[in-house]
Amino acid sequence: MDELSCLSMGAEKEDHISFIKWLSREIYPKIAPKLDQLKELGQDLGESSEDREAEDVQMKEGVEHILLCVLDRRLRQKVHQRKEILAEAESFGLRLIELGRALEIPNIEPDESFKVIQLRDHLKSRVADLEAIRNERTAKLDEFRRREKRLAEFLGETPTEMAGNALTHETIGAVEKNVERLRIEKMKRSEAFAAMREKILVLMNRLEHSAESRLERDIVSDEEDAFFLTEVNMKAAEAFLDKLEREDGRNESEARKLRDGLRFLWDVLHVESGEQESFLQAHGGHRPSTVRSLRDELKRCKDLKMKNAREYLEKVRHEIERLWDRCYYSSSQRKAFRAFSSDDITEDLVDIHDAELQRLKNVLDEGEELFAKFEKRAELWTKMQQLEVKSGDPKRLMNRGGQLLREERERKRLQALIPKLETDLEANVLKWEKEKGRHFLVYGKQIMEFIKDQWEVYQQEKENQKMARHVAKAKLLEDEMVNGSRVNTSKRRIVGTPTREPKNKVAKLTPLTCNSVLSRQASSAAKTSNKKPPIGASKTTGRRLRAVSRRSQHQVPRKLESTQAAGTSILHSVAGNSTLLGTGLNRPTSQLLVTSNVSTYSQFTKHIDRRCQTDSCSRSSVLPPQSPGTPRRYRDRLGLPFLI
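All values reported here derive from a predicted model rather than from experimental measurement. (Residues numbered from 1 in each chain as written. Predicted model: local features only at pLDDT ≥ 70, side-chain atom pairs only at ≥ 80, totals over all residues. Heavy atoms only, no water.)

### Brief notes about the nonpolar core
- By size, the foremost hydrophobic cluster in this structure holds 41 residues, and its most contacted members are Ile 320, Phe 440, Val 442 and Ile 447.
- Elements supplying a minimum of two residues to this core: helix 6 (231-269), helix 7 (273-282), helix 8 (288-307), helix 9 (309-326), helix 11 (347-366), helix 12 (368-391), helix 13 (403-436) and helix 14 (447-483).
- A per-element tally of this core places helix 6 first, with seven residues.
- Within the second largest apolar cluster, 33 residues are counted, among which are Leu 99, Leu 103, Val 127 and Met 204. (Core = buried A, V, L, I, M, F, W, Y, C linked by side-chain atoms within 4.5 Å. Buried < 20%, exposed > 50% of the residue type's maximum accessible area, 1.4 Å probe, protein only. Helix = DSSP H or I, 4+ residues; strand = E, 2+ residues; numbered from the N terminus.)

Here it is as structure tokens:
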């Protein structure tokens, strides 16, 4: 036998000895008196020793039996107790496994040294801990589920489905997230519904509309959460709000049209302004009752209108003509409205005119910005045309107040501003046409086509004017070459002596008259070249004049003939020229080219500078070169002192 078995047996013997000692210590004192009494009674009875021994054996057997019965009963109790404890431990173990799975908590194996009772107590403690966790999670989940159910029902959504274990952290977290999502969604929908409800209440009050259906009653109810914010209900509320807004918009539009119609009719019917304002103030807004009052007033005015139909029609036609002008309608567009010339005054005719008037107002409203830009461009165009007319007026050259410079600056400003405005106008027109899906017309044409045609006509007119000037100058030159120039018989003016002549006889200095004067003076000088030189002329000058006279006697016919042919050629080719040729008999032809197309101040100054550079002198650009010895009296005799 090994040492462990010996120790176990020794321990058991000790337990037995301890029990025996307990019997001798506790039981013997209690049974010893009884035994003594039995012995005394046996002696008194005279029992034999055999009888006493037999009774002792019987008593011992009885005590043994009783003791064994007690021990057996106790043994059975212990066995039963052990079974019960093992059953409890097994039950706690199964419960622990179940809770571990439900809570997703791993099971911990108990210590192998645990006895039955220790094992049971350990498992019982673990089960109690897990049940506490389960109860906590269950309470939390139940709260989330309750809130989720209420929110889902209020928002018309489906709660989270519980698949498998419902007490895991993932499941509880999913329900919690869904509750938070539903809470946020409720806040959003509540804010949206509050805004809608406020608008609905205002519109219902303005439209004098009372709640009829259950949905409308729930919307306007003051009870909290009386209106479930489901998607269906929200769409229904939006549709109801949209319906009220459309109805309110129709009433507003109708009220505005009715007021516009009333103002026009009041003006035609000469209703006093105080009465008009009083009625409009009493019937402000666009409630249904207000609209009905406006309709009644309009009907009353229309009845009065038909009584004064002719006067009313004249007013409407005058307004139509004004809008035609503002919309830049062409004559063909105006003639297209045939009812305008009809004299058969009927209610239908008046209605047709009213419709046309309203259509024109709409056209003006849609293109108001474009019409304003086109009108601005038309004003600038008119200014430019006026400057062009002024540029052909000879009187402007006599102005000494800086008018030419101001006109030139204004012309440059317009030449830069008009194209810029046209570019901006074109961009706005293209945008407008893209939005409206139709062309923007002025005078029956597309606006840019009209502007292009206007520029072409402008350029053609300038070319025609240029051609006319060239033809007139060429004709004048031809007449002078054929018929000769008239001799200037005016008396020589003494330097420093003021002269006064009638205004109707004062010669005007223009580009055309400058050439005529030069031609006549040159011809006159050629005809009188054989005369005595002016007083004060140098000998050299006299000899030069006599030489010129002698040469001119032989060369006049040939040069006159060639000059006449040149003039005829210029007359036929003047469309491509911008200068006019002048001629004289006392100088070479190349020196007699006179620029005459001077129409602006800048051109005039450039012409002066160019001729001064050519002649290398400070004389006028229209004088022929003079020798240094030519006296002033000779220039005065030519009648050109103002050109010095």
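### Side note on unusual backbone geometry
- The phi torsion at Glu 208 lies on the positive side, around 55°, for a residue other than glycine.
- With respect to the element layout, Glu 208 can be found in the loop between helix 4 (169-206) and helix 5 (214-220).
- For Glu 208, a relative accessible area of 41% puts it in the partly exposed group.

### Describing the side chain of His 283
- With respect to the helices and strands, the residue His 283 is situated in the loop between helix 7 and helix 8.
- Once residues within four sequence positions are removed from consideration, His 283 is found in contact with Arg 259, Thr 290 and Ser 293. (Contact = heavy atoms within 4.5 Å.)

### Focus on helix 9
- The end-to-end C-alpha separation of helix 9 is 26 Å, in line with the 26 Å expected for 18 residues at 1.5 Å each.
- For helix 9, the set of buried residues is Ala 309, Tyr 312, Leu 313, Val 316, Arg 317, Glu 319, Ile 320, Leu 323 and Trp 324. Summarising the axial view, the buried residues of helix 9 lie within an arc of 165°, below the 170-degree limit, and thus occupy one face. Projecting away from the buried face of helix 9 at angles above 90 degrees are the exposed residues Arg 310, Glu 314 and His 318.
- Looking one or two residues past helix 9, Tyr 328 carries a phi angle of roughly 55°, positive in sign. (Expected span 1.5 Å × (residues − 1). Arc of directions from axis to C-beta.)

### Focus: the packing of helix 2 (residues 49-103) against helix 3 (residues 116-155)
- It is the contact of helix 2 with helix 3, at a shortest axis distance of 8 Å, that shows an interaxial angle of 30°. With respect to their mutual orientation, helix 2 and helix 3 come out roughly parallel. The hand of the helix 2/helix 3 crossing is left-handed.
- Residues that form the contact of helix 2 with helix 3 fall into these classes: 14 nonpolar, two polar and nine charged. (Axes fitted to C-alpha atoms, helices over the stretch in contact; angles between N-to-C directions. Parallel < 35°, antiparallel > 145°, perpendicular 65-115°, else oblique. Left-handed = near helix turned anticlockwise from the far one by under 90°. Nonpolar A, V, L, I, M, F, W, Y, C, P; charged D, E, K, R; others polar.)

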